[in-house]
Amino acid sequence: GDGTPGSCTETALRAALERRGVIRFECGAAPVTILVTSELRLEGYTGDVVLDGRGLVTLDGGGATRILGLHSSFEREEPRLTVQGLGFTRGRTTDVPDTTSTEQGGAAIYRLGGSLTVLDCTFTDNTGPETGQDVAGGAVYSIGVGTTTIVGSTFRGNRCSDGGALGNLHAPLVLVNSVVEDNVATGHDGNPGHGGNGGGIYMDGAGNELTICGCRVSRNRGNAFGGGVFRVSNTGEPATDIDRSTFEDNEIVPDDFRLAG
């Protein structure tokens, strides 16, 4: 942008992402929302990216598309993507029931390989598939060896088959000074099954180390296991590290209970 709201367009953002590097929004002093009509897609193994919204910019998927995707390689920790001071709202992937495609997770941000850092961002009303095994992360889904680190961020009203807010498959997660509340894991029957694990946070696969510090995880809901947090514990892997955090009013509402009224 050139300091005016009208200069901060989806087209300008795409052009900046093609160049990679540090991208700062200059849209004026008032909050700005940019409608994203198709996924902002970063592909390849090189070229780190920083997206800095300065606390004034919201990226809106319009209930029709994923907002941002980092498509590297499962085995690589590069490139590194950092998003800070941004809002992500109304991202959406697919309505296909019982999908087996893990690529349909992460309606706001999807990470396959590479590394992701999220600083001071908000994620609201992002929606992944309603049902499907291992399809997770209404807001953010991370797959592969790179770390996902989230600090000072808020997740509210996000939905997906597993991990209403956050999903991680064969991927470590560090979550610090953040709020995860009022998110829903919409699947059912667990794994094997059609999801419903981890109303707030879902962790599965090898290498799924979880660190939570200074966080509040509350009022999240699942239909199978883990109203607030679900994590598969594999032999020989480190235990979940939780410090100075609050977990309250998370719940599981199984199918048979809901059908009974």
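Peer 1: I keep staring at the state of the cysteines and nothing clicks. Help me out?
Peer 2: Each disulfide is one covalent bond, formed between the sulfur atoms of two cysteines. Under the definition given, this model contains 1 disulfide. Between Cys8 and Cys27 runs a disulfide, and the two sulfur atoms are separated by 1.9 Å. A torsion of -95° about the S-S bond marks the disulfide between Cys8 and Cys27 as left-handed. Within this pair, whereas Cys8 is found in the segment before helix H1 (10-19), its partner Cys27 is found in the loop between strand E1 (21-24) and strand E2 (32-35), the two being separated by 19 residues in sequence. Note on Cys213: no disulfide assigned, nearest cysteine sulfur contributed by Cys215 at a separation of 7.1 Å. Given a relative accessible area of 19%, Cys213 falls into the buried group. Residue Cys215 is classed as buried on the basis of its relative accessible area, which comes to 4%.

Peer 1: What's the story with H1 in this structure? I'm lost.
Peer 2: The periodicity of an α-helix, 3.6 residues per turn, causes residues three or four positions apart to be oriented the same way. Inspection of H1 places Glu10, Leu13, Ala16 and Leu17 among the buried residues, and these make up the whole buried set. The arc that holds the buried residues of H1, viewed along the axis, is 125°, so those residues lie on one side. Set apart from the buried face of H1 by more than 90 degrees, the exposed residues are Thr11, Glu18 and Arg19. On the buried face of H1, the contacting elements are E1, E2, strand E3 (40-43) and strand E4 (49-60).

Peer 1: Is there a simple way to think about the nonpolar core in this case?
Peer 2: Generally speaking, soluble globular proteins have nonpolar side chains that are buried together. Judged by nonpolar contacts, the single largest core of 44 residues is most densely connected at Leu51, Leu68, Val83, Phe88 and Phe123. In terms of nonpolar packing, the next biggest core, distinct from the first, is built from 7 residues, Ala136, Ile143, Tyr202 and Phe230 among them.

Peer 1: Honestly, unusual backbone geometry in this entry has me stumped. Any pointers?
Peer 2: Note on backbone geometry: most residues besides glycine have negative phi, and most peptide bonds are trans. Between Glu78 and Pro79 the backbone carries a cis peptide bond, its omega angle lying at -5°. By the element assignment, Pro79 lies in the loop between strand E5 (68-71) and strand E6 (80-89). Here the residue pair Asn191 and Pro192 is connected by a cis peptide bond, since its omega of 0° sits within 30 degrees of zero. Mapped onto the fold, Pro192 is located in the loop between strand E17 (184-185) and strand E18 (201-204). For Arg54, which is not a glycine, the phi torsion comes out positive at approximately 55°. Within the element layout of this structure, Arg54 appears in strand E4.

Rules used throughout
- Residues numbered from 1 in each chain as written.
- Predicted model: local features only at pLDDT ≥ 70, side-chain atom pairs only at ≥ 80, totals over all residues.
- Heavy atoms only, no water.
- Disulfide = S-S within 2.5 Å.
- Helix = DSSP H or I, 4+ residues; strand = E, 2+ residues; numbered from the N terminus.
- Buried < 20%, exposed > 50% of the residue type's maximum accessible area, 1.4 Å probe, protein only.
- Arc of directions from axis to C-beta.
- Contact = heavy atoms within 4.5 Å.
- Core = buried A, V, L, I, M, F, W, Y, C linked by side-chain atoms within 4.5 Å.

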